[in-house]
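# Chains, contacts and geometry: an overview
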Amino acid sequence: MSGPLPPIDVLAEQIRFLCEDDAAFEALRTAAANTAYRQFRNRIYIRGLIEMTNYCRNDCYYCGIRNSNQKLERYRLTKEAVVSCCIEGYDLGFRTFVLQGGEDGYYRKEDIADIVSEIKRRFPDCAVTLSLGEYDGDAYQMWFDAGADRYLLRHETAGKEHYAKLHPKEMSPEHRKQCLYRLREIGYQVGSGFMVGSPYQTYEDLAEDLHFLKELEPHMIGIGPYVPHKDTPFAGRQAGTLRQTLVMIALLRLLFPQALIPSTTALSTIAPDGREQGFLAGANVVMPNLSPVSVRDKYMLYDNKRNTGEESAQCLESLKRCARKAGYEIVTDRGDYPGFIREGKV
Ligand code: 5AD
(Lines give C-alpha, C1' and ligand atoms only; values in the text may rest on other atoms or scores of the structure.)
Protein backbone atom coordinates (compact mmCIF):
# COMPACT_ATOMS: atom_id res chain seq x y z
CA MET A 1 0.00 0.00 0.00
CA SER A 2 1.36 3.39 -0.90
CA GLY A 3 0.02 6.82 -1.73
CA PRO A 4 -2.57 8.67 0.31
CA LEU A 5 -5.08 6.83 2.49
CA PRO A 6 -8.75 6.84 1.53
CA PRO A 7 -10.74 9.60 3.27
CA ILE A 8 -11.96 8.89 6.81
CA ASP A 9 -15.50 7.76 5.91
CA VAL A 10 -14.32 5.32 3.21
CA LEU A 11 -11.50 3.95 5.35
CA ALA A 12 -13.92 3.51 8.28
CA GLU A 13 -16.20 1.35 6.08
CA GLN A 14 -13.22 -0.70 4.91
CA ILE A 15 -12.12 -1.34 8.50
CA ARG A 16 -15.66 -2.35 9.42
CA PHE A 17 -15.81 -4.76 6.50
CA LEU A 18 -12.46 -6.35 7.45
CA CYS A 19 -13.75 -6.83 11.00
CA GLU A 20 -16.97 -8.49 9.80
CA ASP A 21 -16.04 -10.50 6.70
CA ASP A 22 -13.96 -13.64 7.31
CA ALA A 23 -12.60 -14.02 3.78
CA ALA A 24 -11.53 -10.38 3.58
CA PHE A 25 -9.87 -10.69 6.99
CA GLU A 26 -7.94 -13.81 5.95
CA ALA A 27 -6.70 -12.07 2.81
CA LEU A 28 -5.61 -9.05 4.85
CA ARG A 29 -3.81 -11.19 7.39
CA THR A 30 -1.96 -13.14 4.71
CA ALA A 31 -0.85 -9.92 3.00
CA ALA A 32 0.35 -8.48 6.32
CA ALA A 33 2.23 -11.65 7.29
CA ASN A 34 3.94 -11.68 3.88
CA THR A 35 4.95 -8.03 4.24
CA ALA A 36 6.40 -8.69 7.70
CA TYR A 37 8.29 -11.68 6.31
CA ARG A 38 9.78 -9.65 3.45
CA GLN A 39 11.03 -7.01 5.89
CA PHE A 40 12.06 -9.04 8.91
CA ARG A 41 11.88 -12.73 7.91
CA ASN A 42 10.35 -14.63 10.80
CA ARG A 43 12.32 -12.66 13.40
CA ILE A 44 10.67 -11.24 16.52
CA TYR A 45 12.51 -8.67 18.65
CA ILE A 46 12.26 -8.65 22.44
CA ARG A 47 12.25 -5.71 24.86
CA GLY A 48 12.54 -6.00 28.64
CA LEU A 49 9.76 -3.91 30.19
CA ILE A 50 10.54 -2.29 33.53
CA GLU A 51 7.50 -0.69 35.16
CA MET A 52 9.21 2.02 37.20
CA THR A 53 6.31 3.66 38.97
CA ASN A 54 2.56 3.33 39.20
CA TYR A 55 2.09 6.84 40.59
CA CYS A 56 0.40 9.00 37.97
CA ARG A 57 -0.79 12.60 38.00
CA ASN A 58 -3.29 11.89 35.22
CA ASP A 59 -6.80 10.61 35.57
CA CYS A 60 -7.57 8.83 32.29
CA TYR A 61 -10.97 7.19 32.64
CA TYR A 62 -9.81 3.82 31.29
CA CYS A 63 -6.58 3.33 33.19
CA GLY A 64 -6.13 1.34 36.40
CA ILE A 65 -3.24 3.49 37.66
CA ARG A 66 -5.21 6.74 37.31
CA ASN A 67 -4.68 9.25 40.05
CA SER A 68 -8.16 8.80 41.59
CA ASN A 69 -7.85 5.07 42.05
CA GLN A 70 -7.37 4.96 45.80
CA LYS A 71 -7.58 1.18 45.99
CA LEU A 72 -4.24 0.75 44.30
CA GLU A 73 -1.10 0.29 46.35
CA ARG A 74 1.48 2.64 44.85
CA TYR A 75 5.19 1.98 44.36
CA ARG A 76 8.17 3.47 42.65
CA LEU A 77 11.53 1.88 41.91
CA THR A 78 14.88 3.33 42.92
CA LYS A 79 17.72 3.71 40.45
CA GLU A 80 19.38 0.67 42.01
CA ALA A 81 16.24 -1.42 41.57
CA VAL A 82 15.96 -0.40 37.90
CA VAL A 83 19.62 -1.21 37.32
CA SER A 84 19.26 -4.66 38.93
CA CYS A 85 16.37 -5.40 36.55
CA CYS A 86 18.68 -4.51 33.65
CA ILE A 87 21.48 -6.71 34.99
CA GLU A 88 19.09 -9.63 35.19
CA GLY A 89 17.62 -8.78 31.78
CA TYR A 90 21.03 -8.53 30.12
CA ASP A 91 21.91 -12.03 31.33
CA LEU A 92 18.64 -13.33 29.93
CA GLY A 93 19.54 -11.85 26.52
CA PHE A 94 17.66 -8.55 26.45
CA ARG A 95 19.36 -5.72 24.54
CA THR A 96 16.55 -3.16 24.86
CA PHE A 97 15.20 -1.93 28.18
CA VAL A 98 11.93 -0.05 28.27
CA LEU A 99 11.42 2.16 31.32
CA GLN A 100 7.71 2.72 31.60
CA GLY A 101 5.70 4.49 34.24
CA GLY A 102 2.87 6.78 35.15
CA GLU A 103 3.57 10.53 35.09
CA ASP A 104 5.19 10.61 38.51
CA GLY A 105 6.35 14.06 39.65
CA TYR A 106 8.57 12.49 42.31
CA TYR A 107 11.40 11.93 39.84
CA ARG A 108 13.10 15.13 38.72
CA LYS A 109 14.17 15.17 35.11
CA GLU A 110 17.77 14.88 36.34
CA ASP A 111 16.87 11.68 38.20
CA ILE A 112 15.60 10.04 35.03
CA ALA A 113 18.68 11.26 33.13
CA ASP A 114 20.86 9.74 35.82
CA ILE A 115 19.13 6.35 35.53
CA VAL A 116 19.45 6.43 31.73
CA SER A 117 23.18 7.30 31.86
CA GLU A 118 23.86 4.57 34.36
CA ILE A 119 22.17 1.94 32.17
CA LYS A 120 24.01 3.17 29.07
CA ARG A 121 27.32 3.19 30.99
CA ARG A 122 26.88 -0.40 32.11
CA PHE A 123 25.33 -1.70 28.91
CA PRO A 124 26.63 0.38 25.99
CA ASP A 125 25.38 -2.23 23.53
CA CYS A 126 21.76 -1.85 24.70
CA ALA A 127 19.01 0.51 23.64
CA VAL A 128 17.06 2.43 26.27
CA THR A 129 13.44 3.23 25.54
CA LEU A 130 11.48 5.62 27.73
CA SER A 131 7.72 5.54 28.14
CA LEU A 132 7.01 8.07 30.87
CA GLY A 133 4.35 10.29 29.36
CA GLU A 134 4.11 13.98 28.51
CA TYR A 135 7.01 16.23 29.53
CA ASP A 136 8.49 19.44 28.21
CA GLY A 137 11.06 19.55 25.46
CA ASP A 138 13.91 20.22 27.91
CA ALA A 139 13.27 16.99 29.75
CA TYR A 140 13.06 15.00 26.51
CA GLN A 141 16.30 16.63 25.32
CA MET A 142 18.10 15.95 28.59
CA TRP A 143 17.12 12.26 28.50
CA PHE A 144 18.18 11.97 24.88
CA ASP A 145 21.54 13.54 25.72
CA ALA A 146 21.86 11.05 28.58
CA GLY A 147 21.62 8.30 25.97
CA ALA A 148 17.94 7.39 25.65
CA ASP A 149 17.31 6.03 22.16
CA ARG A 150 13.57 5.65 21.82
CA TYR A 151 10.35 7.03 23.29
CA LEU A 152 6.91 5.46 23.41
CA LEU A 153 3.90 7.73 23.81
CA ARG A 154 0.65 6.38 22.49
CA HIS A 155 -1.61 9.09 21.13
CA GLU A 156 -4.45 6.86 22.54
CA THR A 157 -7.04 8.07 20.02
CA ALA A 158 -6.80 10.59 17.22
CA GLY A 159 -10.49 11.54 17.21
CA LYS A 160 -10.75 14.84 19.10
CA GLU A 161 -14.22 14.14 20.45
CA HIS A 162 -13.34 10.59 21.32
CA TYR A 163 -10.23 11.79 23.16
CA ALA A 164 -12.41 14.02 25.32
CA LYS A 165 -14.58 11.04 26.28
CA LEU A 166 -11.56 9.11 27.56
CA HIS A 167 -9.70 11.88 29.34
CA PRO A 168 -10.42 14.71 31.78
CA LYS A 169 -10.39 18.18 30.27
CA GLU A 170 -6.90 18.97 31.58
CA MET A 171 -5.50 16.62 28.96
CA SER A 172 -5.43 17.52 25.30
CA PRO A 173 -4.75 15.50 22.18
CA GLU A 174 -2.92 18.49 20.71
CA HIS A 175 -0.38 18.55 23.52
CA ARG A 176 0.21 14.83 23.20
CA LYS A 177 0.77 15.16 19.48
CA GLN A 178 3.11 18.12 20.04
CA CYS A 179 5.15 15.91 22.38
CA LEU A 180 5.42 13.26 19.66
CA TYR A 181 6.65 15.74 17.06
CA ARG A 182 9.12 17.18 19.55
CA LEU A 183 10.51 13.73 20.36
CA ARG A 184 10.99 13.07 16.68
CA GLU A 185 12.75 16.38 16.15
CA ILE A 186 15.16 15.67 19.01
CA GLY A 187 16.21 12.45 17.33
CA TYR A 188 14.42 9.67 19.16
CA GLN A 189 12.98 6.66 17.44
CA VAL A 190 9.38 7.42 18.27
CA GLY A 191 6.51 5.09 19.04
CA SER A 192 2.85 5.95 19.16
CA GLY A 193 -0.35 3.93 19.11
CA PHE A 194 -3.87 3.54 20.37
CA MET A 195 -6.33 1.24 22.10
CA VAL A 196 -8.77 -0.79 20.06
CA GLY A 197 -12.36 -1.05 21.21
CA SER A 198 -12.22 1.59 23.92
CA PRO A 199 -15.56 3.02 25.08
CA TYR A 200 -17.31 5.24 22.50
CA GLN A 201 -14.76 4.40 19.78
CA THR A 202 -16.18 4.30 16.25
CA TYR A 203 -14.71 2.97 13.02
CA GLU A 204 -14.20 6.62 12.05
CA ASP A 205 -11.99 7.07 15.11
CA LEU A 206 -9.88 4.09 14.03
CA ALA A 207 -9.63 5.55 10.53
CA GLU A 208 -8.46 8.81 12.09
CA ASP A 209 -5.82 6.90 14.04
CA LEU A 210 -4.42 5.58 10.76
CA HIS A 211 -4.49 9.06 9.22
CA PHE A 212 -2.67 10.54 12.19
CA LEU A 213 -0.03 7.81 12.17
CA LYS A 214 0.50 8.33 8.44
CA GLU A 215 1.24 11.95 9.18
CA LEU A 216 3.58 11.17 12.09
CA GLU A 217 5.36 8.22 10.41
CA PRO A 218 6.46 6.69 13.74
CA HIS A 219 9.17 4.05 14.01
CA MET A 220 7.16 1.96 16.46
CA ILE A 221 3.42 1.48 16.81
CA GLY A 222 1.88 -0.12 19.89
CA ILE A 223 -1.75 -1.08 19.88
CA GLY A 224 -3.80 -3.43 21.99
CA PRO A 225 -7.41 -4.06 22.89
CA TYR A 226 -8.99 -1.87 25.53
CA VAL A 227 -9.56 -4.02 28.62
CA PRO A 228 -11.76 -2.71 31.45
CA HIS A 229 -10.44 -2.13 34.94
CA LYS A 230 -12.80 -2.58 37.88
CA ASP A 231 -11.76 0.56 39.77
CA THR A 232 -12.23 3.05 36.94
CA PRO A 233 -15.29 4.93 35.63
CA PHE A 234 -15.37 2.44 32.73
CA ALA A 235 -15.67 -0.65 34.96
CA GLY A 236 -17.93 -3.27 33.41
CA ARG A 237 -17.49 -2.03 29.83
CA GLN A 238 -16.81 -4.42 26.96
CA ALA A 239 -13.20 -5.17 26.09
CA GLY A 240 -11.90 -4.65 22.54
CA THR A 241 -12.00 -7.83 20.49
CA LEU A 242 -9.25 -10.05 19.13
CA ARG A 243 -10.55 -9.65 15.59
CA GLN A 244 -10.60 -5.84 15.64
CA THR A 245 -7.13 -5.72 17.12
CA LEU A 246 -5.72 -8.14 14.54
CA VAL A 247 -7.33 -6.17 11.70
CA MET A 248 -5.65 -3.00 12.95
CA ILE A 249 -2.25 -4.72 13.44
CA ALA A 250 -2.44 -6.10 9.89
CA LEU A 251 -3.40 -2.73 8.42
CA LEU A 252 -0.54 -1.08 10.30
CA ARG A 253 1.92 -3.65 8.95
CA LEU A 254 0.77 -2.94 5.38
CA LEU A 255 0.86 0.83 5.87
CA PHE A 256 4.17 0.84 7.76
CA PRO A 257 6.14 -2.13 6.40
CA GLN A 258 9.29 -1.32 8.42
CA ALA A 259 7.68 -0.35 11.71
CA LEU A 260 8.32 -2.15 14.97
CA ILE A 261 4.91 -3.37 16.07
CA PRO A 262 4.53 -5.28 19.35
CA SER A 263 2.13 -8.07 20.02
CA THR A 264 1.03 -6.57 23.34
CA THR A 265 0.26 -7.99 26.77
CA ALA A 266 -3.31 -6.69 26.44
CA LEU A 267 -3.73 -8.91 23.39
CA SER A 268 -2.44 -11.97 25.30
CA THR A 269 -4.77 -11.03 28.12
CA ILE A 270 -7.95 -11.23 26.03
CA ALA A 271 -7.00 -14.41 24.13
CA PRO A 272 -4.78 -17.31 25.22
CA ASP A 273 -3.06 -17.42 21.81
CA GLY A 274 -3.24 -13.64 21.35
CA ARG A 275 0.51 -13.18 21.16
CA GLU A 276 1.01 -15.66 18.32
CA GLN A 277 -2.07 -14.35 16.54
CA GLY A 278 -0.45 -10.91 16.72
CA PHE A 279 2.72 -12.24 15.02
CA LEU A 280 0.62 -13.91 12.33
CA ALA A 281 -1.07 -10.56 11.65
CA GLY A 282 2.29 -8.79 11.21
CA ALA A 283 3.56 -7.88 14.71
CA ASN A 284 7.32 -8.31 15.14
CA VAL A 285 8.08 -7.32 18.74
CA VAL A 286 7.22 -8.69 22.15
CA MET A 287 7.85 -6.99 25.48
CA PRO A 288 8.14 -9.43 28.39
CA ASN A 289 7.89 -8.07 31.90
CA LEU A 290 11.22 -7.48 33.64
CA SER A 291 9.87 -5.55 36.64
CA PRO A 292 10.68 -6.87 40.11
CA VAL A 293 8.20 -9.68 40.82
CA SER A 294 7.07 -7.94 44.02
CA VAL A 295 5.58 -4.97 42.12
CA ARG A 296 4.13 -6.73 39.09
CA ASP A 297 0.64 -7.06 40.52
CA LYS A 298 0.56 -3.35 41.21
CA TYR A 299 1.08 -2.13 37.65
CA MET A 300 -2.48 -3.06 36.78
CA LEU A 301 -3.57 -0.91 33.87
CA TYR A 302 -6.55 -3.23 33.34
CA ASP A 303 -8.10 -6.31 34.97
CA ASN A 304 -6.37 -9.70 34.73
CA LYS A 305 -3.25 -8.27 33.10
CA ARG A 306 -0.99 -11.24 32.46
CA ASN A 307 2.42 -11.13 34.06
CA THR A 308 3.34 -14.76 34.52
CA GLY A 309 4.45 -17.46 32.09
CA GLU A 310 5.55 -16.15 28.73
CA GLU A 311 4.70 -12.57 29.73
CA SER A 312 7.54 -12.75 32.23
CA ALA A 313 11.13 -12.08 31.11
CA GLN A 314 12.26 -15.00 33.25
CA CYS A 315 10.26 -17.39 31.05
CA LEU A 316 12.02 -16.46 27.83
CA GLU A 317 12.68 -20.09 26.91
CA SER A 318 9.01 -20.87 27.06
CA LEU A 319 8.22 -17.73 25.00
CA LYS A 320 10.74 -18.92 22.40
CA ARG A 321 9.03 -22.31 22.23
CA CYS A 322 5.59 -20.74 21.77
CA ALA A 323 6.89 -18.43 19.04
CA ARG A 324 8.67 -21.28 17.27
CA LYS A 325 5.47 -23.34 17.23
CA ALA A 326 3.86 -20.49 15.27
CA GLY A 327 6.89 -20.33 12.92
CA TYR A 328 8.68 -17.36 14.53
CA GLU A 329 12.16 -16.93 15.97
CA ILE A 330 12.78 -14.73 19.02
CA VAL A 331 16.08 -12.88 18.51
CA THR A 332 18.17 -10.82 20.90
CA ASP A 333 19.31 -7.98 18.60
CA ARG A 334 18.64 -4.40 19.69
CA GLY A 335 16.14 -4.27 16.87
CA ASP A 336 16.36 -0.61 15.86
CA TYR A 337 14.17 0.76 13.09
CA PRO A 338 15.73 -0.45 9.81
CA GLY A 339 18.43 2.01 8.69
CA PHE A 340 17.90 4.40 11.62
CA ILE A 341 20.99 6.44 12.41
CA ARG A 342 21.19 8.32 15.66
CA GLU A 343 22.24 11.93 15.31
CA GLY A 344 23.53 14.08 18.14
CA LYS A 345 25.41 12.96 21.24
CA VAL A 346 26.10 9.34 22.34
N1 5AD B 1 -6.86 -1.31 28.53
C2 5AD B 1 -5.91 -1.42 27.59
N3 5AD B 1 -4.84 -0.63 27.52
C4 5AD B 1 -4.72 0.31 28.47
N5 5AD B 1 -3.77 1.25 28.65
C6 5AD B 1 -4.08 1.96 29.75
N7 5AD B 1 -5.22 1.50 30.28
C8 5AD B 1 -5.64 0.48 29.50
C9 5AD B 1 -6.76 -0.38 29.51
N10 5AD B 1 -7.70 -0.28 30.45
C11 5AD B 1 -2.67 1.45 27.70
C12 5AD B 1 -2.63 2.88 27.20
C13 5AD B 1 -1.25 3.35 27.63
C14 5AD B 1 -0.49 2.05 27.76
C15 5AD B 1 0.71 2.11 28.63
O16 5AD B 1 -1.44 1.17 28.29
O17 5AD B 1 -2.77 2.89 25.79
O18 5AD B 1 -0.64 4.20 26.68
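Values in this document were obtained by computation on a predicted structure and should not be read as measured data.

### Side note on the pairing of strand S7 (residues 220-225)
In summary, the side chains of a regular strand alternate between the two faces of the sheet. Extensive coverage of S7 is indicated by the burial of six of its six residues. What you see with S7 is no split at all: Met220, Gly222 and Gly224 on one side and Ile221, Ile223 and Pro225 on the other are buried throughout. The pairing of strand S6 (residues 189-196) with S7 spans six bridges and is classified as parallel. What sits directly across from Ser192, in S7, is Ile221.

### Quick look at the packing of aromatic side chains
In the structure shown here, the tally under the stated rule is 13 aromatic pairs. On the numbers, 5.6 Å between centres and 50° between planes, the contact of Phe279 with Tyr328 is tilted. Highlighted residues: Phe279 in helix H11 (residues 274-280) and Tyr328 in the loop between helix H12 (316-325) and strand S9 (329-331), separated in sequence by 49 residues. Tyr328 carries the same exposure label as Phe279, and that label is buried. An aromatic cluster of three or more residues is present, and its members are Tyr135, Tyr140, Trp143, Phe144, Tyr151 and Tyr188. Lying across the ring of Phe256, Lys214 places its NZ or CZ 4.6 Å from the centre. Geometry around Phe144 places Arg342 over its ring, the cationic atom sitting 3.7 Å from the centre.

### What about the site of the ligand?
The local shell around the ligand consists of Tyr62, Cys63, Gln100, Arg154, Glu156, Met195, Pro225, Tyr226, Val227, Leu301 and Tyr302. One nitrogen or oxygen atom from the main chain of Tyr62 is found 2.9 Å from a nitrogen atom belonging to the ligand. In the model, a nitrogen atom of the ligand is placed 2.7 Å from a nitrogen or oxygen of the Val227 main chain. Considering the ligand on its own, with 400 Å² of exposed area, one finds that the protein chains cover 87% of that surface. Taken together, the residues that form the shell around the ligand break down as eight nonpolar, one polar and two charged.

### Some thoughts on the sheet that holds strand S1 (residues 43-46)
What the three strands build is an open sheet, ordered S8-S1-S9; its pairing is parallel. Each edge of the open sheet is held by one strand with a lone partner, namely strand S8 (285-286) and S9.

### What about the packing of helix H1 (residues 8-20) against helix H2 (residues 22-40)?
The N-to-C vectors of H1 and H2 enclose an angle of 100°; their axes lie 6 Å apart at closest approach. Between H1 and H2, the interaxial angle falls into the category roughly perpendicular. Touching Phe17, Leu18 and Glu20 of H1 are Asp22, Ala24, Phe25 and Leu28, all from H2.

### Some words on the pattern of salt bridges
Tallied over the entire structure, the rule returns 32 salt bridges. Close ionic contact of Arg275 with Glu311 constitutes a salt bridge, the shortest N to O distance being 3.0 Å. Placement of the pair is Arg275 in helix H11 and Glu311 in the loop between S8 and H12, with a sequence separation of 36 residues. Of the two residues, Arg275 and Glu311, neither departs from the other in class, the shared state being buried. The salt bridge partner of Arg334 is Asp336, with a shortest N-O separation of 2.9 Å. Classification of Asp336 by relative accessible area gives partly exposed; the value is 24%. Several salt bridges converge on common partners, so that one network encompasses Lys120, Asp149, Arg150, Arg334, Asp336 and Arg342.

### Overview of the packing of helix H7 (residues 173-186) against helix H8 (residues 203-216)
At a minimum axis separation of 11 Å, H7 and H8 run at an interaxial angle of 25°. When the axes of H7 and H8 are compared, the pair comes out roughly parallel. Crossing angle aside, the handedness with which H7 passes H8 is right-handed. Contacts between H7 and H8 pair Lys177, Leu180, Tyr181 and Arg184 from the former with Phe212, Glu215 and Leu216 from the latter. Taken together, the residues of the contact of H7 with H8 break down into four nonpolar, no polar and three charged.

### Points about the environment of Ile44
Residue position: Ile44 is located in strand S1. What makes Ile44 buried here is its relative accessible area of 1%. Placed 86 residues apart in sequence, Ile44 and Leu130 show a C-alpha to C-alpha distance of 20 Å.

### Overview of a negative patch on the surface
Together, Asp9, Glu161, Glu204 and Glu208 line one region of the surface with negative charge. For Glu161, the location among the structural elements is in helix H6 (residues 160-166).

### Details of the nonpolar core
Core analysis: the largest hydrophobic core is formed by 98 residues, its most contacted members being Ile15, Leu130, Tyr140, Trp143, Tyr151, Tyr188 and Met248. Considering every element that reaches this core, the biggest residue donor is helix H9 (residues 242-255), with nine residues. Here Met248 is in contact with Ile15, Phe194, Val196, Leu206, Leu210 and Ile223, once residues within four sequence places are set aside. Ranked by size, the runner-up nonpolar core spans eleven residues in total, among them Tyr45, Met220, Leu260 and Val285.

Calculation criteria
Residues numbered from 1 in each chain as written. Predicted model: local features only at pLDDT ≥ 70, side-chain atom pairs only at ≥ 80, totals over all residues. Heavy atoms only, no water. Buried < 20%, exposed > 50% of the residue type's maximum accessible area, 1.4 Å probe, protein only. Helix = DSSP H or I, 4+ residues; strand = E, 2+ residues; numbered from the N terminus. Pairing = 2+ DSSP bridges. Phe/Tyr/Trp six-rings, centres within 6.5 Å; stacked < 30°, edge-to-face > 60°. Lys NZ or Arg CZ within 6 Å of the ring centre and 35° of its normal. Near = heavy atom within 4 Å. Polar contact = N/O pair within 3.5 Å; in protein donor to acceptor, adjacent residues only side chain to side chain. Areas by Shrake-Rupley, 256 points an atom, 1.4 Å probe, with all protein chains shown as cover. Nonpolar A, V, L, I, M, F, W, Y, C, P; charged D, E, K, R; others polar. Axes fitted to C-alpha atoms, helices over the stretch in contact; angles between N-to-C directions. Parallel < 35°, antiparallel > 145°, perpendicular 65-115°, else oblique. Contact = heavy atoms within 4.5 Å. Salt bridge = Lys/Arg side-chain N within 4 Å of Asp/Glu carboxyl O. Left-handed = near helix turned anticlockwise from the far one by under 90°. Patch = residues over 30% accessible without salt bridge, like charges linked within 9 Å, V, L, I, M, F, W, Y side chains within 5 Å. Lys, Arg positive; Asp, Glu negative; His and termini not counted. Charge placed at Lys NZ, Arg CZ, Asp CG, Glu CD. Core = buried A, V, L, I, M, F, W, Y, C linked by side-chain atoms within 4.5 Å.

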